[in-house]
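# Fold and contact review
Here is how the chains run, residue by residue.
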Amino acid sequence: MCKYRGALPRRPEVRHDQPRVTGGGRRQTQLTRARILEAARQQLGHDPDSSLSDIAEAAGVVRRTVYDHFAGRSALVEGLVTDAAEALRRALAAVTSHDPDAVTAMARFVLALWPVGDRYRMLLRLAPQDLGAERVNEVLDPARDMAASIIERGQRQGVFRTSVPPGPLSRALEGHLLALLECVNAGTWRDDGTRTATAALIAVGADVDLAVAQVRRLGRPEPVGA
């Protein structure tokens, strides 16, 4: 009788103390989280005082599932802010190729940012109280820096007003845009971004006819999300 001299293959060790997470499971978790965030975006847009139970019902899940993904209301709002910050980052990346002409650069800037602001405009009512000014500033500072840089270039070119320094003028422009988003919340302003971009250019001192022509040439911005 022949003896087998080779080593027997070792059976893989089976661990029962760790949960098994499959790719499909991770995908489903991501989809559920995204569905909750989208429901929160829409629900809080209709009613800023919506409860987690309201959001769970809108998302088609039980309240416990919301807590599986978010520890509470502040965490849920932070999730929306994180999504908005990423959308803002992508929008800014699309306009970082500095146009020599400041009027074109500012028009592109506003046209790129308006769809992001429009989609996440409910955060104007939520973020300051739920997250605080420091987090809001963290999200908005890159856009503020770019706006100030474009305004400074426009002032050097003689196409923007020079009576106000670039920093304060960029914050005034920010207030102008946020006020228009609040008007969208209130139902008194509707725009695809083109009228807003034209108004922004005029606000920083661009010639009216030039502002209208430049925005018309660039066309409508692409919407963000569904």
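Residues numbered from 1 in each chain as written. Predicted model: local features only at pLDDT ≥ 70, side-chain atom pairs only at ≥ 80, totals over all residues. Heavy atoms only, no water.

## Points about the overall build of the protein
A tally of helices and strands in the protein yields ten helices and zero strands. For the protein, the succession of helices and strands along the chain, N to C, is α-α-α-α-α-α-α-α-α-α. Scored against the burial criterion, the 226 residues of the protein give a buried share of 38%. In the protein, 71% of the contacts between residues at least 6 apart in sequence involve partners at least 24 apart. By element, 52% of the accessible surface of the protein is carried by carbon and sulfur atoms, the whole surface being about 13600 Å². (Helix = DSSP H or I, 4+ residues; strand = E, 2+ residues; numbered from the N terminus. Buried < 20%, exposed > 50% of the residue type's maximum accessible area, 1.4 Å probe, protein only. Contact = heavy atoms within 4.5 Å. Areas by Shrake-Rupley, 256 points an atom, 1.4 Å probe, with all protein chains shown as cover.)

## A closer look at the packing of helix α7 (residues 133-157) against helix α8 (residues 166-186)
Closest axis-to-axis distance for the α7/α8 pair is 8 Å, and the angle between their directions is 120°. Considered as vectors, α7 and α8 are oriented oblique to each other. Crossing of α7 against α8: the hand is right-handed. Contacts between α7 and α8 involve L140, R144, A147, A148, I151, E152 and Q155 from the former and P166, L169, S170, R171 and E174 from the latter. (Axes fitted to C-alpha atoms, helices over the stretch in contact; angles between N-to-C directions. Parallel < 35°, antiparallel > 145°, perpendicular 65-115°, else oblique. Left-handed = near helix turned anticlockwise from the far one by under 90°.)

## Re the packing of helix α9 (residues 194-203) against helix α10 (residues 208-218)
Put simply, α9 and α10 touch, their axes get as near as 9 Å, and they point 150° apart. Here α9 and α10 pass one another in a crossing that is right-handed. Contact residues: T194, A197, T198, L201 and I202 in α9; V208, A211, V212 and V215 in α10.

## Notes on the side chain of R135
Note that R135 resides in helix α7. Polar side-chain contacts of R135 include one of 2.8 Å to the side chain of E78. (Polar contact = N/O pair within 3.5 Å; in protein donor to acceptor, adjacent residues only side chain to side chain.)

## Quick look at a negative patch on the surface
Judged by side-chain charge, D47, D49, D54 and E57 come together as a negatively charged surface patch. Its location among the elements puts D49 in the loop between α1 (23-46) and α2 (52-59). (Patch = residues over 30% accessible without salt bridge, like charges linked within 9 Å, V, L, I, M, F, W, Y side chains within 5 Å. Salt bridge = Lys/Arg side-chain N within 4 Å of Asp/Glu carboxyl O. Lys, Arg positive; Asp, Glu negative; His and termini not counted. Charge placed at Lys NZ, Arg CZ, Asp CG, Glu CD.)

## Some points on the side chain of D191
As for its position among the elements, D191 is in the loop between α8 and α9. By relative accessible area, D191 is classed as buried at 16%. Polar contacts involving the side chain of D191 include one to the side chain of T196, which spans 2.6 Å. For D191, the contacting residues outside a window of four places in its chain are W114 and T196.

## Comments concerning the packing of aromatic side chains
According to the stated counting rule, one finds zero aromatic pairs in the structure shown. Over the ring of W189 we find R195, and its NZ or CZ is 4.1 Å from the ring centre. (Phe/Tyr/Trp six-rings, centres within 6.5 Å; stacked < 30°, edge-to-face > 60°. Lys NZ or Arg CZ within 6 Å of the ring centre and 35° of its normal.)

## A word on the nonpolar core
Counting 54 residues, the largest nonpolar core has M106, F109, F160 and L201 as its most contacted members. Here the element with the most residues in this core is helix α5 (residues 102-119); it accounts for eleven residues. Residues contacting F109, with those up to four places away along its chain left out, are L92, V95, A143, M146, A147 and I150. (Core = buried A, V, L, I, M, F, W, Y, C linked by side-chain atoms within 4.5 Å.)

## Structural notes on α9
Looking at α9, one finds that the buried residues are T194, T196, A197, T198, A200 and L201. In this fold, the buried residues of α9 make contact with α5, α8 and α10. Note on α9: the residue one or two positions beyond its end, G205, has a positive phi of about 110°.

## Some thoughts on the confidence of the model for the protein
Taken over all residues, the pLDDT of the protein has a mean of 86, while the share at 70 or more is 85%. Looking over the protein, one finds the lowest element-wise mean pLDDT in helix α6 (residues 123-130), namely 75, and the highest in α9, namely 96. Scored below 50 in pLDDT, residues 1-5 shows zero contacts in the model against residues more than four places distant or in partner chains. Here residues 7-22 is a poorly scored stretch, pLDDT under 50, and it has one contact once near neighbours within four places are set aside; other chains count. (pLDDT = per-residue confidence, 0-100.)

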